[in-house]
Structures are given as C-alpha cells and as structure tokens.
Amino acid sequence: MGASRDPGQRGLTVSRTDVDVDSSEEPPGRQPDQPLVTLPILESGCGSQATGACGSPAGPPPDDHGPVIVDLDVPLADPVATPRSRTPRARKGRAAAPAKQTAGVVGYSQPGTARRTRQTATQVELPVAPRFEPPALEARPAAPQQVEAAPVGEADATGLPFVIRTTSRRSSTSPRTRAFRKKFFPDASEKDWNDWRWQSRHRIRTLEQMERMLSLHDDERAALVEGGSMLPVGITPYYMSLLDPDDAAQPLRRTVVPSRNEFLRTRGEADDPLGEDGHSPVPGLVHRYPDRVLLLALDFCSTYCRYCTRSRVVGHGELFANEKRLELAFDYLRKTPQVRDVLISGGDPLSLSEDKLDWILGRLRAIPHIEFIRIGTKMPAVLPQRITPQLTRMLRKYHPLWMSVHFLHPDECTPEAARACGRLADAGIPLGAQTVLLKGVNDSVDTMKQLIHKLLLMRVRPYYLYQCDPISGSAHFRTSVAKGLEIIEGLRGHTTGYGVPNYVIDAPGGGGKIPLQPNYLVGRDGDDVLLRNFEGKTYRYPDPVDA
C-alpha cells in the first residue's frame, strides 16, 4: 500500500477508504480523482485500451520519470512511482481555496508482486505548505537513458542472471532480439514486430529462409530437403531471434529446427503413442479420464516443436476450428454429465482470434456441469506478443479459467515472456508450466533449477515435468527415466517446494499420467518407518503397526 507523505511534516491524520483496484487496466497517467494503485513489476505496458494509452500502438509514449529497472534476482529497494501534488483550481470570482496537498503513491515492489487485488487507498491531510517537495529519492537522469539487459542466457555486469531492464513501459525487448529484427526484418516497424498476426504471417518455413538466418549443419539441411510428410517447420521471427545462428547444438535450436534423426524409428515408438485416437468419441475430442476431456480446437501452432506428441496431426490441416466439427464435441459434452473439466489444446488454441476463442469458451460455459476450463499453450514462450490486453479482457469473463504454459529452457524466459505471463496473471488466470524432459536441452539439475526459478519469478508455477513421449523419431530427445528421477531429487529440498514439478510418464496405449518420485521411504524398523531426507540422512517416524 502506498502512503502519502511530506518530508517536511511530521503530524499526519490518516483516513482510509476501500477501493477496487485492477492493476492490469491501470492507465499510464493517473488523474487526481482516480484511486491510488501499486504499479505491477513485470508489466512493461499499462495494459489500458484507452485511446492514447501506453498499451495502444497508436498512442503517445507515457510520461517517464527515468528508467524503470526490474531486476528479478534482487528485490527492488527504490520506489517505482514518483509523488505528485495536486492543488484545487480557483473558480472565477472566488478566492482560491487553501491548498490541500496529497502525495502520490510511493510503491515498493518485490519480485512477483504484481497482482490484481483489493487495496486500501490512504489519504493524508497535510497543513498548507508554500511548496510541496517530494520525498528524497535516488537521483535520476533528466531524460531516459538506454539501459540494456544482458543477452539471453548470459549474466549481466553484476554476475546475476535473468535481469529484465527497460527504459520505459514501451521498451521490453532484449538487445539480441532488436539486433535480429534490424538485420533480417529492417522494414518492420516496432508496431509490426509486436503484432502477433504479423509474426504469424512472417514465420520461417523454408530452407531458403533458414539458410539466410542460420549456418545450417549438413544434418539440418538434409532434413529440410527430405522432410516429406513429417511434422512441418514453422518458427516465429521472435523465437528465431533466440536461436544461436552458428551452433546447431544450442538447446532451443534443436527443438525447432529438424534433423535427420526424426527419420529413425526405434522400438516402442508410435505415431499415436498415447492412444488418443482410440479414446476419441467424436473428431477432435479425447475422453480418457472419467471426469475430464481434451478438446483439440485446431491443428495449427505458430512454432512447431520437433518432439510434439501430436506430430501425426499438427500442421497437416486436418483439424479446423469450424463450428460444425466443434458443435459435435459440444453436443457430446452436453450428453455426458460426468465431465466437469475441459482442457482446450490443439495445435495452440491461442492462435485463434479472440472472437473464435470467445465463442468456444462461451459454448463450454453454457453447459451446466462443466466447472473447470483449462487452456494449453506455448504462446508466452514462442509468440508472447499474442498475449494482448484484448485477449486477457476476453479470457477473464470465463473464470474459473486456468492455463498450462509450455516452457522448456531458461533461455525462453525473456522480458517479452515475462510481460505476457504478467498480463495473464493480472487477469486472474493461474499459470502452471508443463516442461518436457529432453536430452541435450534441459536434462541437468542446474538447467532445470534455472528454469523453475525464472518461472516462479514470472508468476508461473512448475506443474509437470514430462518424460518425452515415444513418438516416431524421438529417440534422440528421450532421456532415461533415471535421469528424470535424478533431476527431481536434485530439486527436492534444494529449492522451494513450489518449484518442484510432478515428474510423470504418460503411459503408452492410453494409460494416463503416472507420477514418479525418488524413493524416500527406506523401510520399517518395528513401530518406526525409516525415511531418507534430501541430504541422504535417515530419520525415524513413529508409525505403530497396530495403529
């Protein structure tokens, strides 16, 4: 809560009034009669849709009081809002009223504290003073100066990783991404680059485009030439900017650029390893668990992951979000009252327009026994520009609404991704991360710990760590199950419990998710059970046999 104050005055009279505050819709400049709010830490833009607001591409830049620095590794100690004064204007023919000064909010933000909440505005009655002076703050430059973040995945000058810094609410792209755009899309304006539709239209899909932006390895080039009917290639310009142009072994690059390993089929692999087609009562609907279903809204993704479980379907134009097909799914749900939970996936449902997604969510909410709706998406990682204020304003109509976001490596946790997740969280949508364990990508305790720490700071809770499904041509991505257990054991007790995901294997043939955990139960000794903690020490817990 902010407190209004005058550094020259000691005696204060405080009165409180409750007001509803929605930080996701905060305008760029608060008027004197508007309630006081705390600025969200991860939101580089205000999110307002008012004409001329900072969230509008056509609007003027917001007033800046110097660079706003958001360092997600070190709690901020400086105020992030400057005080302002207001004095009543004298009416014509009347003497000026005594000045009543109320200082503006001085909000102190900690990492991850941006939220939509009920706050209490504090009004402070101050005696008349000849001149209002704001509280002494750290000296700021007269004009905003360019403050650049360290390149993705590297440390800044202090040695601390994952520093998100912006010079204003409008600037939230990394230097690496800006340099990529200048080199390969020089005619694209900042407005174009931040338009998710522009990003979708300019996806990198051909060998010629790849060769212009990457130094292709022979294996990569051969896969692009011989691709045939395998999973298509598609990478947004934004996500391409995160790839190493020279290193074919870079983790992110391996997950989106094909290799000839995809042509090799090994024992136990299948095009539909989870048996989804056998649990599909109508096209695009999978009913595997008693009370919940998977609704495949479409088969399009802005960026195709080379380890995709649904590579047999995704990107081949077999599933469209047309009303005729979807109405068959809705009709099935109306006739199946035991279903209370619907997961919308695909493809990526957030690649749909707001109107189409609004229609789908509205149809589901109209079914009385549907209580819980989830959306599975990778957009915050591969196309964070999709998470617009218009989208979040539409989504919040359908609460309770949850979202599973797909992140797999710390290099995906960029300022743009943090902003996207912040907007979703500010809209009241709980975010859970789903990560696939991949060989040579994230199969180490250190990499996974970096990822989960960054996700937590982005207000995303690690939810599932998946053993890679045995889809055809995935052997080069799959680790051993022992490696997954090693990672969980390296996290449990060594970091916050909120950061430890559930390690699961989605059983081939439609068996569903089976959780796996390291064995901390050593055995029994009489009326005690023997337990092993994260340090490897053994402890006794009383558990009488006849209890």
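Here's a quick rundown of the structure. (Residues numbered from 1 in each chain as written. Predicted model: local features only at pLDDT ≥ 70, side-chain atom pairs only at ≥ 80, totals over all residues. Heavy atoms only, no water.)

### Structural notes on the state of the cysteines
Heads up, the condition is: Two cysteine sulfurs form a disulfide in these notes if their separation is within 2.5 Å. Remark: exposure states derive from per-residue accessible area (1.4 Å probe, protein chains only) relative to the maximum for the residue type, with buried under 20%, exposed over 50%, and partly exposed in between.
Considering all chains together, one arrives at zero disulfides under this definition. Take cysteine 413: it sits in no disulfide, and the sulfur closest to it among the cysteines is that of cysteine 421, at 7.9 Å. The class of cysteine 413 is buried, set by a relative accessible area of 4%.

### Description of the packing of aromatic side chains
Heads up, the rule is: Two rings belonging to Phe, Tyr or Trp (six-membered ring only in the last case) form a pair when the distance between their centres is within 6.5 Å. Interplanar angles under 30 degrees mark stacking, angles over 60 mark edge-to-face geometry, and anything in between is tilted.
Applying the stated criterion across every chain, the model contains eleven aromatic pairs. A ring pair is formed by phenylalanine 180 and phenylalanine 185, whose centres lie 6.2 Å apart and whose planes are at 50 degrees; its orientation type is tilted. This pair shows no difference in class: phenylalanine 180 is buried, exactly as phenylalanine 185 is. Judged by centre distance (4.1 Å) and plane angle (35 degrees), the rings of tyrosine 463 and tyrosine 464 are tilted.

### Re the pairing of strand β15 (residues 528–532)
Test applied: Strand pairing is assigned whenever DSSP identifies at least 2 bridges connecting the two strands. Where helices and strands are cited, they refer to DSSP runs of H or I of at least four residues and of E of at least two residues respectively, numbered from the N terminus.
Bridging between strand β14 (residues 521–525) and β15 involves four bridges; their strand directions are antiparallel. Each bridged residue has a counterpart across the sheet, and for aspartate 525 the counterpart in β15 is aspartate 528. Hairpin connection from β14 to β15: two residues lie between these consecutive antiparallel strands, with glycine 526 at a positive phi of about 65 degrees. Strand direction decides the pairing type here: β15 and strand β16 (residues 538–542), joined by five bridges, are antiparallel. Pairing of leucine 531 across the sheet is with tyrosine 539, part of β16. Hairpin connection, β15 to β16: the antiparallel pair is bridged by five residues, and glycine 536 has positive phi, about 85 degrees.

### Quick look at the packing of helix α8 (residues 323–334) against helix α9 (residues 354–365)
Spelled out, the test is: The angle between two axes is taken between their N-to-C directions and runs from 0 to 180 degrees, where each axis is a line fitted to C-alpha atoms and a helix contributes only its stretch in contact. The cut-offs work like this: below 35 degrees is roughly parallel, past 145 is roughly antiparallel, 65 to 115 is roughly perpendicular, and the gaps in between are oblique. By definition, turning the near helix anticlockwise from the far helix through less than a right angle yields a left-handed crossing, and turning it clockwise yields a right-handed one. Whether two residues are in contact is decided by their heavy atoms, any of which lying within 4.5 Å being enough. Note on residue categories: nonpolar means Ala, Val, Leu, Ile, Met, Phe, Trp, Tyr, Cys or Pro, charged means Asp, Glu, Lys or Arg, and polar means any other residue, Gly included.
Contact geometry of α8 with α9 gives a least axis separation of 10 Å together with a crossing angle of 20 degrees. By the angle between their directions, the pair α8 and α9 is classed as roughly parallel. For the pair α8 and α9, the crossing hand works out as right-handed. Where α8 abuts α9, its residues Glu323, Leu326, Glu327, Phe330, Leu333 and Arg334 lie against Lys356, Trp359, Ile360, Arg363 and Leu364. In terms of residue class, the contact of α8 with α9 is made up of six nonpolar, no polar and five charged.

### A short note on the pattern of salt bridges
Operational definition: Salt bridges are counted wherever a side-chain nitrogen of Lys or Arg sits within 4 Å of a carboxyl oxygen of Asp or Glu.
For the structure shown, the criterion picks out 28 salt bridges. Arginine 260 serves as the salt-bridge partner of glutamate 226, at 3.6 Å between the closest nitrogen and oxygen. With glutamate 226 in the loop between α5 (218–225) and α6 (237–240) and arginine 260 in the loop between α7 (251–256) and β5 (285–289), this pair connects stretches of sequence that are 34 residues apart. Accessibility expressed as a relative area gives 38% for arginine 260, which makes it partly exposed. The network of salt bridges with shared partners includes Glu276, Arg288, Arg310 and Asp506.

### Observations regarding the nonpolar core
The cut-off we apply is this: Grouping buried Ala, Val, Leu, Ile, Met, Phe, Trp, Tyr and Cys residues that are joined through side-chain atoms within 4.5 Å yields what is termed a nonpolar core.
Membership of the largest hydrophobic core comes to 95 residues, with the highest contact counts inside it found for Met210, Leu295, Ile344, Ile360, Leu395 and Phe407. Leaving out residues up to four positions away in the same chain, methionine 210 has contacts with Ile204, Leu216, Leu224, Val233, Ile235, Met240 and Val257.

### As for unusual backbone geometry
Across residues other than glycine, the phi torsion is negative in most instances, and most of the peptide bonds are trans. Cis peptide bonds are those with omega within 30 degrees of zero, and the linkage from glycine 346 to glycine 347 qualifies with 20 degrees. The step from histidine 399 to proline 400 runs through a cis peptide bond, and the omega angle for that step is 0 degrees. In the Ramachandran plot, arginine 459 falls in the positive-phi region, its phi being about 70 degrees despite a non-glycine side chain. Within the secondary structure, arginine 459 sits in the loop between α13 (445–457) and β11 (461–467).

### A few points about the environment of proline 384
Within the secondary structure, proline 384 sits in the loop between α10 (379–382) and α11 (389–395). Taking the C-alpha atoms as reference, proline 384 lies 7.8 Å from arginine 419; in sequence the two are 35 residues apart. Not counting chain neighbours up to four residues away, the residues in contact with proline 384 comprise Tyr238, Met379, Glu416, Ala417 and Ala420.

### Considerations on the sheet that holds β14
The strand order across the open sheet built from three strands is β14-β15-β16, with neighbouring strands paired in antiparallel fashion. Across the chains shown, the open sheet's two edge strands, defined by having one partner strand only, are β14 and β16. Looking at each pair of strands side by side, their axes are set apart by 30 degrees on average, direction ignored.

### Comments concerning α13
Quick reminder of the rule: A helix is expected to span 1.5 Å for every residue after the first.
With 13 residues, α13 should reach 18 Å at 1.5 Å per residue; the first-to-last C-alpha distance of 18 Å fits that figure. Within the sequence span of α13, burial applies to Thr447, Met448, Leu451, Ile452, Lys454, Leu455 and Leu457. Buried residues along α13 sit against β10 (431–437), β11 and α14 (481–491). Phi for arginine 459, located one or two positions after α13, is positive at around 70 degrees.

### Observations regarding helix α12 (residues 415–426)
An ideal rise of 1.5 Å per residue puts 16 Å on twelve residues; α12 measures up with 16 Å between its terminal C-alpha atoms. In terms of burial, α12 is largely enclosed, as twelve of its twelve residues are buried. Turning to α12, its buried residues are Pro415, Glu416, Ala417, Ala418, Arg419, Ala420, Cys421, Gly422, Arg423, Leu424, Ala425 and Asp426. Positive backbone phi, approximately 85 degrees, marks glycine 428, located one or two places after α12.

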